[in-house]
Amino acid sequence: QVQLVESGGGLVQPGGTMRLSCAASGSSFSINTMGWYRQAPGNQRELVATISRGGYTNTADSVKGRFTISRDNLRNTVSLQMNSLKPEDTAVYYCNADITAYRPLRLYEAWGQGTQVTVSS
């Protein structure tokens, strides 16, 4: 089973920047689309941004122009650079990956444990 481990959350002031990273570990797998989702208290989990293996990105309108997703296919990592943070960006951020496992062959979706991002003065 592939594991996703996030890092980089914490407290930041409005207008500040923060970078989240996520690393996938396991054996005999490849990763298709990777992404970041977030969930604020009382809200449903929502898409922040995704990136395909070839680098095609999809970014939510609420963060477009402020957040940038990137990935390193060799290291099986995905990052989210967050600029001009707003209080409404406060949420638990989750890393997500579409996994192809080879032994046995299986397709599934993996999630990280989540990392808290708090934007407050």
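Residues numbered from 1 in each chain as written. Predicted model: local features only at pLDDT ≥ 70, side-chain atom pairs only at ≥ 80, totals over all residues. Heavy atoms only, no water.

S.K.: Even after reading the chapter, I still don't get the pairing of strand S11 (residues 115-119), so can you show me in this structure?
M.R.: Consecutive residues of a regular strand have side chains that alternate between opposite faces of the sheet. Residue alternation in S11 divides its side chains into a buried set, Thr115, Val117 and Val119, and an unburied set, Gln116 and Thr118. Bridge count for strand S2 (residues 10-12) against S11 is three bridges, and the pairing is parallel. What sits directly across from Leu11, in S11, is Thr118. Note: strand S9 (residues 91-102) against S11, three bridges, orientation antiparallel. Considered in S11, the bridge of Tyr93 is made with Thr115. (Buried < 20%, exposed > 50% of the residue type's maximum accessible area, 1.4 Å probe, protein only. Helix = DSSP H or I, 4+ residues; strand = E, 2+ residues; numbered from the N terminus. Pairing = 2+ DSSP bridges.)

S.K.: So what exactly am I meant to see when it comes to the pairing of strand S10 (residues 105-111) here?
M.R.: One ladder, built from seven bridges, connects S9 with S10; its direction is antiparallel. Note that in S10 the partner of Thr100 across the bridge is Leu107.

S.K.: Could you clarify how one ought to interpret the packing of aromatic side chains in this entry?
M.R.: The geometry of two aromatic rings is summed up by the distance between their centres and the angle between their planes. All told, the structure shown has one aromatic pair when counted by the stated rule. Aromatic pair Tyr37 and Trp111: ring centres 5.1 Å apart, planes at 65°, arrangement edge-to-face. Note that Tyr37 is positioned in strand S4 (residues 29-39) and Trp111 in strand S10, a separation of 74 residues in sequence. Classification of Tyr37 as buried rests on a relative accessible area of 18%. One Lys or Arg, Arg45, reaches over the ring of Tyr94 and ends 3.7 Å from the middle of that ring. Looking at Arg45, its charged tip hangs above the ring of Trp111, at a distance of 4.6 Å from the centre. (Phe/Tyr/Trp six-rings, centres within 6.5 Å; stacked < 30°, edge-to-face > 60°. Lys NZ or Arg CZ within 6 Å of the ring centre and 35° of its normal.)

S.K.: Explain the pattern of salt bridges here, please?
M.R.: Working definition: two side chains of opposite charge can pair if their charged atoms are close together. By the definition in use, this model includes five salt bridges. Here Arg66 makes a salt bridge to Asp89, at a shortest N to O gap of 2.7 Å. Of the two residues, Arg66 is situated in the loop between strand S6 (57-59) and strand S7 (67-72) and Asp89 in the loop between strand S8 (77-82) and S9; the sequence distance between them amounts to 23 residues. A salt bridge links Arg75 to Asp72; its shortest N-O distance comes to 2.9 Å. Under the relative-accessibility criterion, Arg75 is labelled exposed at 59%. For Asp72, a relative accessible area of 24% puts it in the partly exposed group. Within the structure, one salt-bridge network assembled from shared partners comprises Arg38, Glu46, Arg66 and Asp89. (Salt bridge = Lys/Arg side-chain N within 4 Å of Asp/Glu carboxyl O.)

S.K.: How do you make sense of the sheet that holds S7 when you look at a structure like this?
M.R.: Strands belonging to one sheet form pairs held by backbone hydrogen bonds; the direction of such a pair is parallel or antiparallel. Read from one edge to the other, the open sheet built from four strands follows the order S1-S3-S8-S7, with strand pairing classed as antiparallel. Each having just a single partner strand, strand S1 (3-7) and S7 make up the two edges of the open sheet. When the angles between neighbouring strand axes are averaged without regard to direction, this sheet yields 15°. Two elements, strand S3 (residues 18-25) and S8, share six bridges in a ladder whose sense is antiparallel. Across the sheet, residue Ser21 finds its bridge partner in S8, namely Ser79. (Axes fitted to C-alpha atoms, helices over the stretch in contact; angles between N-to-C directions.)

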